[in-house]
Every structure is written in C-alpha cells, then in structure tokens.
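Chain by chain, the residues run as shown.
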Amino acid sequence: MDTFLTKNPAAAAEFVKRGGVVAFPTETVYGLGANVFDAAAVAKIFEAKRRPADNPLIAHVGSLDQIGRLAREIPPAAEKFIAAFFPAPLTLVLPKAEKVPLAATAGLATIGVRMPRHPLAQEFLRACETPVVAPSANLSGRPSPTAWEAVFEDLNGRIDCILQGAATEIGLESTVVDCTTDAPLVLRAGAVSLEQLREIVPATRNYRVRPGEVARSPGLRHRHYSPRAKVILISDFGFRISDSSGFIGLREPENLISDFGFRISDSSGFIGLREPEQKFALTRVCGSVAEYAHEVFAFFRECDHRGIATIYCETVDESGLGAALMDRLRRAAE
Ligand code: AMP
Ligand code: MG
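Predicted, not measured: the structure shown is a model, and the values here were computed from it.

Asks: Quick rundown of the overall build of the protein? Include the residues and the values.
Replies: Per the secondary structure count, the protein includes 12 helices and 15 strands. By the burial criterion, 56% of the 334 residues in the protein qualify as buried. Across the protein, contacts joining residues at least 24 apart in sequence account for 67% of those joining residues at least 6 apart.

Asks: Kindly report on the nonpolar core, identifying the contributing residues and their values.
Replies: Where a protein is soluble and globular, its nonpolar side chains tend to be buried together. L32, F81, L90, L92 and I159 are the most contacted members of the largest nonpolar core, which has 47 residues in total. For this core, the secondary structure elements donating two or more residues are β3 (31-35), α2 (39-49), α3 (67-70), α4 (76-85), β5 (90-95), β6 (110-114), α7 (148-155) and α8 (194-200).

Asks: Tell me about helix α12 (residues 321-333), and name the residues and values.
Replies: Look at α12: 19 Å from first C-alpha to last across 13 residues, which is about the 18 Å you get at 1.5 Å a residue. Counting buried positions along α12 yields 10 of 13 residues, so the element is predominantly enclosed. What α12 keeps buried is the set L321, G322, A324, L325, M326, D327, R328, L329, R331 and A332. Residues of α12 that are buried sit in contact with β10 (185-188), β12 (230-234), α11 (289-305) and β15 (310-314).

Asks: Just give me the short version of the state of the cysteines, but keep the residues and values in it.
Replies: Under the counting rule described, the total for this entry stands at zero disulfides. Between C303, a free cysteine, and C313, which holds the nearest cysteine sulfur, the sulfur-to-sulfur gap is 8.3 Å. For C303, a relative accessible area of 0% puts it in the buried group.

Asks: I'd love a proper account of the sheet that holds strand β4 (residues 58-60), names of residues and values included.
Replies: What the 11 strands build is an open sheet, ordered β1-β8-β2-β3-β7-β4-β6-β5-β9-β10-β11; its pairing is mixed. The two strands at the open ends of the sheet, each matched to only one other strand, are β1 (4-6) and β11 (205-206). The sheet contact formed by β4 and strand β7 (residues 132-133) spans two bridges and is antiparallel. Bridging from a neighbouring strand, A59 pairs with V133 of β7. The sheet strands contacting helix α6 (residues 119-128) are β2 (22-24), β4, β7 and β8 (161-163), and the helix crosses β2 at an angle near 150°. Contacting β1, β2, β3 and β8, α7 runs over the sheet at an angle of about 165° to β8.

Asks: Break down the side chain of S144 for me, citing the residues and quoting the values.
Replies: Here S144 shows up in the loop between β7 and α7. Reaching out from S144, the side chain makes a polar contact with the side chain of E173 at a distance of 2.3 Å. Setting aside chain neighbours within four positions, we find S144 in contact with V29, S136, N138, E173, Y225, F297 and R301.

Asks: Break down the sheet that holds strand β13 (residues 268-272) for me, with residues and values.
Replies: Spatially, β12-β15-β13-β14 is the arrangement adopted by the four strands of the open sheet, whose pairing is parallel. The strands lining the two open edges of the sheet, one partner per strand, are β12 and β14 (282-285). For this sheet, the mean angle separating the axes of adjacent strands, direction not counted, is 15°. Bridge count between β13 and β14: four bridges; the pairing is parallel. Bridged to F270 within β14 is T283. Sheet strands touched by α11: β12, β13, β14 and β15. Its angle to β14, the strand with the most contacts, is close to 170°. Contacts between α12 and the sheet are confined to β12 and β15, with β12 contributing the most and set at about 130° to the helix.

Asks: Break down α2 for me, citing the residues and quoting the values.
Replies: Within the sequence span of α2, burial applies to A41, V42, I45, F46, A48 and K49. The secondary structure elements touched by the buried residues of α2 are β3, α5 (102-105), β7 and α7. Two residues or fewer after α2 comes R50, characterised by a positive phi angle close to 55°.

Asks: I'd like a rundown of the layout of surface pockets, residues and numbers included.
Replies: Empty space within the second largest pocket amounts to approximately 590 Å³. Forming the boundary of the second largest pocket are 24 residues, of which A189, N206, Y207, R208 and D327 lie nearest the centre. Elements with a minimum of two residues in the lining of the second largest pocket: β10, α8 and α12. A total of five residues in the lining of the second largest pocket trace back to one element, the largest contributor, which is α12. Across the lining of the second largest pocket, the residue classes tally to 10 nonpolar, six polar and eight charged.

Asks: Quick one: what's the story with the environment of L197, residue by residue and with numbers?
Replies: Summarising the element assignment, L197 is placed in helix α8. Taking relative accessible area as the criterion, L197 reaches 0% and is therefore assigned buried. Between the C-alpha atoms of L197 and V177, which are 20 residues apart in sequence, the distance is 9.3 Å. Apart from residues no more than four positions distant in its own chain, L197 is found in contact with F81, F85, L90, T175, V177, V186, V192 and T204.

Asks: Account for the pattern of salt bridges, naming residues and giving values.
Replies: Across all of its chains, the model carries 16 salt bridges by this definition. With a shortest N-O distance of 2.8 Å, R117 and E169 are connected by a salt bridge. With R117 in the loop between β6 and α6 and E169 in the loop between β8 and β9 (175-178), the pair connects residues that are 52 residues apart, well separated along the chain. On the basis of relative accessibility, which here comes to 49%, the residue E169 falls in the partly exposed class. Two residues, E314 and R274, come together in a salt bridge whose shortest N-O distance is 2.7 Å. In this pair, E314 is assigned in strand β15 and R274 in the loop between β13 and β14, connecting sequence segments 40 residues apart. Using a relative accessible area of 40% as the deciding quantity, one classes R274 as partly exposed.

What counts, and where the lines are drawn
- Residue numbers run consecutively from 1 along every chain, following the written order of its sequence.
- Chains carry letters and ligands carry numbers; both start at the beginning, A for chains and 1 for ligands, and go up in the order they are written.
- Where local features are concerned, this predicted model is filtered to residues with pLDDT of at least 70; where side-chain atom pairs are given and counted, the filter is 80 or more; whole-chain, interface and lining totals use all residues.
- Just so you know, side-chain values use all the structure's heavy atoms and leave hydrogens and water out.
- Counting from the N terminus, the helices are DSSP H or I runs at least four residues long and the strands are E runs at least two residues long.
- Residue exposure (1.4 Å probe, protein chains only): buried if accessible area is under 20% of the type maximum, exposed if over 50%, otherwise partly exposed.
- Only heavy atoms matter for contacts: two residues are in contact if any of them lie within 4.5 Å across the pair.
- Here the nonpolar core consists of buried residues drawn from Ala, Val, Leu, Ile, Met, Phe, Trp, Tyr and Cys, with membership extended through side-chain atoms lying within 4.5 Å.
- To estimate how far a helix should reach, multiply one less than its number of residues by 1.5 Å.
- Counting rule for disulfides: a pair of cysteine sulfur atoms within 2.5 Å.
- The pairing criterion is simple: DSSP has to find at least two bridges between the two strands.
- An axis is simply a line fitted to the C-alpha atoms; with a helix, the fit covers only the stretch in contact. Between two such axes, the angle follows the N-to-C directions and lies from 0 to 180 degrees.
- Polar contact is the term for a pair of N or O atoms within 3.5 Å; when the atoms are in protein, one must be able to donate a hydrogen and the other to accept it, and sequence-neighboring residues count only if both atoms are side-chain atoms.
- In this analysis a 1.4 Å probe is tested at points of a 1 Å grid over the protein atoms alone, and where it fits but cannot get out there is a cavity; an open set with protein on both sides within 12 Å along at least five of seven lines is a pocket; lining residues have an atom within 4 Å of a point.
- Grid points are joined across faces, edges and corners, and a volume is the space filled by probe spheres set on the points.
- Under the scheme applied, nonpolar residues are Ala, Val, Leu, Ile, Met, Phe, Trp, Tyr, Cys and Pro; charged residues are Asp, Glu, Lys and Arg; polar residues are all the others, including Gly.
- The term salt bridge refers to a pairing of a side-chain nitrogen on Lys or Arg with a carboxyl oxygen on Asp or Glu at a separation within 4 Å.

Okay, here's the thing in structure tokens:
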C-alpha cells in the first residue's frame, strides 16, 4: 500500500471516514488518527505503529461539544481545565462513554481527550466529523515525529495518508492529567505546566508510580522516545573534562566521563543550551528550553541518520516546559 501524501485536510479526512488511518500535524507532535468509534480502524493504528496493546490512545476533538460523545461525565476539575485551556497541548483523562470501544482505551474505563489548537489539525478534525484517536505517528519506542518526513520515515507504506504540515511548534507530547481522582494527577508532563494547572485547580499534583504498583498511565511502562544511539545526560561537569579531572556522582562514571573523553569527535552528538568545549560530530546549541524541546526529537533522528553512537544531552532546570523536556530525556536515556 502506498501512503497518500496531501496538504489538503479535507482529502485526508476522507480516509478517516472510510475507516483508514491518517497522520496529521498538531502543535505537539504528529499524530496517527482513526475514527474513535470504528474498532477495526483503531486496531490498524496499533498494527501500523507496532504499539503494545495495553497502551491507550488519546481522542482528539475539533470542537468542545464532541467531548460529550466521549466522556460519560465531566468532573468539576476537568470543566475548569477545559474552560481555562482548551484548545491546548493538554489531555484530560475522563470516564469514558459506553459507546467508545475498549479498543481505543486499551481496555480502560477512562479516555484521554484533547482539543489541539493547531489550525490545520482543527480543520482536519472538523472535516472528519468524528473524534479521532491518535497516538504519536512513529513506530513504538522511536522518537516522536515533529515533521511529516519523520512520519514518512517510520510509517510509509503502513498507513493510508499523511497530512503534510509544517514542523510542529512545541515538539513534545501533550500534558496528560487524570481528572477521575479527587485531586487531578499529572500523568505526563507537557507544555501546559504543573504550575499553570495549579493556578486553575490548586490540588493538582504530579503522579509518581510507587514501587510494586501498576502505573496509572500504561505509557509509563513502555520504552519510549529512543534513538538508536545511546543517550547520556550531562550537567555541568560535562563541560570541563580533561585528563586531570576527578569524578564524584551517583552513577557509574564509565558512561559519562570515559565515553566522553574517548569517543567524542567521531561518533558522538551533543544537544543542550550551552556551547560545549569539546568537539562533537554533531552539535546543537539551543537558545532556550523551548527551542531545545522543539529540536530534541529531530536531533535524535538526525544522529541516527549519521550513524552517531552516543548522544550527550545537557540537563535543564525542571520548571515549566523544562519538566517535560527532562522527562523525555530521562526516558530516552533509560
Ligand atoms: P502517545 O499518544 O503515544 O503520546 O501516548 C498517549 C499517552 O497517554 C500514553 O502515555 C498513555 O498511557 C496516556 N493515556 C492515554 N489514555 C489514557 C488513559 N485513559 N488513562 C491513562 N493514561 C492514558
Ligand atoms: Mg508516543
């Protein structure tokens, strides 16, 4: 099967209406969408991505009134978040409506709902005339796609259509907030920060998996965001390495210092906020945390194209978008 490429949202929506799967741009990353009420179409998403069957999908709406078709009820905290933020890079986990097939929620009684603010995504979703479930449009485990070319690289021939837009604005996936508990829980950090959520519902807090407990967000159980290269996080000390340096830290220094010293020039990449002293095969210095977030997945893919073996990522301050970026970097380094 050839994947149809188009810039026309109405043409892309036709595939969804006929039970197909379509990749489309949003302000976060590209999604791979199908009609939420068509279980056979939803199954094609899992197949195309090779996504683990227990990882639920986020339903995307083109208008607020569609939320009522997905959710059995809208808890008061969710009402407040919708009024304050939607459309936004924010997913709210709500009790699912009976008509939503379990295929879409990986068997859960809840469903994640988001209204993207990206104009082309909105046009596409409205043309679909139904909510569209969509995970990121990459092969499972790979860095999320922030340009249509990255979707093509992973999924050409495996999906019906790619709606070609520009590179995505944010570059990291949406914030996911579980609104089915007494205090809302942030299951995944994103561009809508914990600080912003607390301004609307002060009881909101970060979810942490307790040892031995099954994660509330199934996505937390799976490998994610990984380039083929090994990802290593570095903070200050990475910039001043020399033969006469010492090391103290919590992790085995082999990964950090010795790799850094020996393999830098030929097969290592660097991305961060400050210019490193060392030479790397590929260096990306970003002017802000927002630019770093915007660039990171594309940089991972570029490193893979060049056969780079190790990517050094500078850590950032964990406030605002920095918390989301650090979450992705940590998981890529796992
Ligand atoms: P992706 O679309 O690939 O970014 O993945 C969607 C993320 O949202 C995964 O981490 C899921 O675990 C999470 N998610 C989606 N729906 C739910 C839900 N009903 N309950 C908890 N987490 C969810
Ligand atoms: Mg994903």
